[in-house]
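This is what each chain is made of:
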Amino acid sequence: MTSTEGAPQGVITAPLLRGQKALVTGANSGIGKATAVALGRAGADVVVNYVAGREDAEKVVEEITAFGVRAVAHEADVSDEQQVVAMVDRMVKEFGTIDVLVANAGLQRDAPITEMTLAQWQKVLDVNLTGQFLCAREAAKEFLRRGVVPEVSRAAGKIICMSSVHQIIPWSGHVNYAASKGGVQMMMATLAQELAPKRIRVNAVAPGAIKTPINRSAWETPEAEQDLMRLIPYKRVGDPEDIAHAVVGLASDLMDYVVGTTLYVDGGMTLFPGFATGG
Ligand code: NAD
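Now for a description of the structure that goes with this document. All figures in this text were calculated on a predicted structure; none of them were measured in a lab.

## Some words on the site of the ligand
The environment of the ligand is made up of 28 residues, and the closest members are N28, S29, N104, Y177 and T212. G208 places a main-chain nitrogen or oxygen 3.2 Å from an oxygen atom of the ligand. For the ligand, an oxygen atom lies 2.5 Å from a polar atom in the side chain of T212. For the ligand, whose accessible area on its own is 820 Å², the fraction buried by protein is 92%. Among the secondary structure elements, those contributing two or more residues to the shell around the ligand are α1 (30-41) and α5 (175-195). In the shell around the ligand, the residues fall into 14 nonpolar, twelve polar and two charged.

## Section: the packing of helix α3 (residues 81-95) against helix α4 (residues 118-146)
Running from amino to carboxyl end, α3 crosses α4 at an angle of 35°, the nearest separation of the two axes being 9 Å. Handedness of the crossing formed by α3 with α4: right-handed. Along the contact surface, α3 presents E81, V84, V85, M87, V88 and V92, while α4 presents L134, C135, R137, E138 and E142. Looking at the contact of α3 with α4 residue by residue, the class counts come to seven nonpolar, no polar and four charged.

## Here we look at helix α8 (residues 240-251)
Under the 1.5 Å per step criterion, the end-to-end length of α8 is 17 Å for twelve residues, consistent within 8% with the ideal 16 Å. Within α8, nine of the twelve residues are buried, which leaves it mostly tucked inside the rest of the structure. For α8, the complete set of buried residues consists of P240, I243, A244, A246, V247, V248, G249, L250 and A251. Looking at the buried residues of α8, the elements they touch are α1, β4 (100-103), β5 (157-162), β6 (200-207) and β7 (262-265).

## So, the packing of aromatic side chains
Going through the model one piece at a time under the given rule, you end up with two aromatic pairs. Ring plane angle 70° and centroid distance 5.6 Å describe the contact between W171 and Y177, whose orientation is recorded as edge-to-face. On the basis of relative accessible area, Y177 is assigned to the buried category, the value being 9%. With centroids separated by 6.4 Å and ring planes inclined at 90°, the aromatic side chains of F272 and F275 adopt a geometry described as edge-to-face. You'll find F272 and F275 in the same group, each marked exposed.

## As for the pattern of salt bridges
For the structure shown, the criterion picks out 15 salt bridges. With its nearest N and O atoms 2.9 Å apart, the salt bridge here joins E81 to R137. Of the two residues, E81 sits in helix α3 while R137 sits in helix α4, which places them 56 residues apart along the sequence. Exposure remark for E81: the relative accessible area of 38% places this residue in the partly exposed category. In this structure, E142 and R145 form a salt bridge, with 2.7 Å as the shortest nitrogen-oxygen distance.

## Quick word on the sheet that holds strand β1 (residues 21-24)
In sheet architecture, strand pairing relies on hydrogen bonds along the backbone and comes in two forms, parallel and antiparallel. Taking strand neighbours across the sheet as the criterion, the seven strands line up as β3-β2-β1-β4-β5-β6-β7 in an open arrangement whose pairing is parallel. Bordering the open sheet on either side are β3 (71-75) and β7, each of which pairs with just one other strand. Geometrically, the sheet is characterised by an average inter-axis angle of 20° between neighbouring strands, direction not taken into account. By the bridge criterion, four bridges tie β4 to β5 in an arrangement that is parallel.

Basis of the calculations
The written sequence of each chain sets the order in which its residues are numbered from 1. Only residues with pLDDT of at least 70 are given local features in this predicted model, and only at 80 or more are side-chain atom pairs given and counted; all residues enter the totals for whole chains, interfaces and linings. In computing side-chain properties, one takes all heavy atoms of the structure into account and sets aside hydrogens as well as water. Near, as used in this document, describes a residue that has one of its heavy atoms within 4 Å of the molecule or strand being considered. Two N or O atoms form a polar contact when they lie within 3.5 Å of each other; inside protein one atom must be a possible hydrogen donor and the other a possible acceptor, and for residues adjacent in sequence the pair counts only when both atoms belong to side chains. Values of accessible area rely on a 1.4 Å probe in the Shrake-Rupley scheme; residue burial ignores everything except the protein chains shown. Numbering of helices and strands starts at the N terminus; helices are DSSP runs of H or I of at least 4 residues and strands are runs of E of at least 2. The residue classification treats Ala, Val, Leu, Ile, Met, Phe, Trp, Tyr, Cys and Pro as nonpolar and Asp, Glu, Lys and Arg as charged. All others, Gly included, are polar. What counts as an axis is a line fitted to C-alpha atoms, over the stretch in contact for a helix, and the angles between N-to-C directions run from 0 to 180 degrees. Take the far helix as the reference: if the near one is turned anticlockwise from it by less than a right angle, the crossing is left-handed, and if turned clockwise, right-handed. Should any heavy atoms of two residues lie within 4.5 Å, those residues are counted as being in contact. Helices are assigned an expected span. That span is 1.5 Å times one less than the residue count. Relative accessibility thresholds used throughout: buried, under 20% of the residue-type maximum; exposed, over 50%; partly exposed, between the two (1.4 Å probe, protein chains only). Here a Phe, Tyr or Trp ring, Trp counted by its six-membered ring, pairs with any other such ring whose centre lies within 6.5 Å, and the pair is stacked when the planes are under 30 degrees apart, edge-to-face when over 60, and tilted otherwise. Each reported salt bridge corresponds to a side-chain nitrogen of Lys or Arg within 4 Å of a carboxyl oxygen of Asp or Glu. Only strands joined by at least two bridges in the DSSP assignment are considered to pair.

Structure below.
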């Protein structure tokens, strides 16, 4: 008996991404780590990119290979052109190709505008926006070279940009971060328009408040977490897995007609919760 026999219609019985090759940047921590693991669980072979923290990256590799798929850790700074080119080259050599890019790596360098240094501004733009551009460019080259392989996926490739609710919600004291994510939104939409005729799907996931090291101060004490609830209609802080599951869905053929969309995964943070009473 095959695994699908007798299954009720509409139930997903096969790994959604079986045979696909995925690259996740910044995959040794937080959302990237949960996403790399979820992609592996869904049947993909995974390149676990990291810039620092090899041990954590190797632990993620171990977790993924336990699902019976392949995984390798690869050190590269996503804002460095040569390092990104070398990373995708290695992936194509060792895994044969790339089917899914999750451009996730990101950071914050917060300061009020009058105190923000050019270095803080530049670093955030370099990693959060230019890093995604470089990875998307190299992935797109390989998607175009290979084209659609129908046994693997209906699309020639999928790019998922990790954005943020701050692609539309202004954020005082974080002008570099908000500008980088606003840039990601328009980069994603433009690439989606440019690449859709080649059967490449580009989309974004915009997380709200997710428990990871990037925003520890916002949730690590009960008082801080309670304060955060003012902004979250669904009244819980998100887990990295909430984002990982959205990425797996977007990468899969279940969402083959989703092109150029930002999927907000934010417990309703973008619903103007301040207007829930009065306004
Ligand atoms: P995190 O700090 O746990 O993870 C960020 C990862 O990016 C780390 O692995 C870090 O080493 C890596 N990274 C940083 N600079 C890099 C570089 N130059 N090259 C390669 N990797 C680099 O934080 P996270 O919350 O998991 O963040 C992941 C993404 O999610 C980021 O793009 C962030 O902006 C976005 N995001 C997070 C939240 C949240 O609430 N946690 C909300 C919205 C968006």
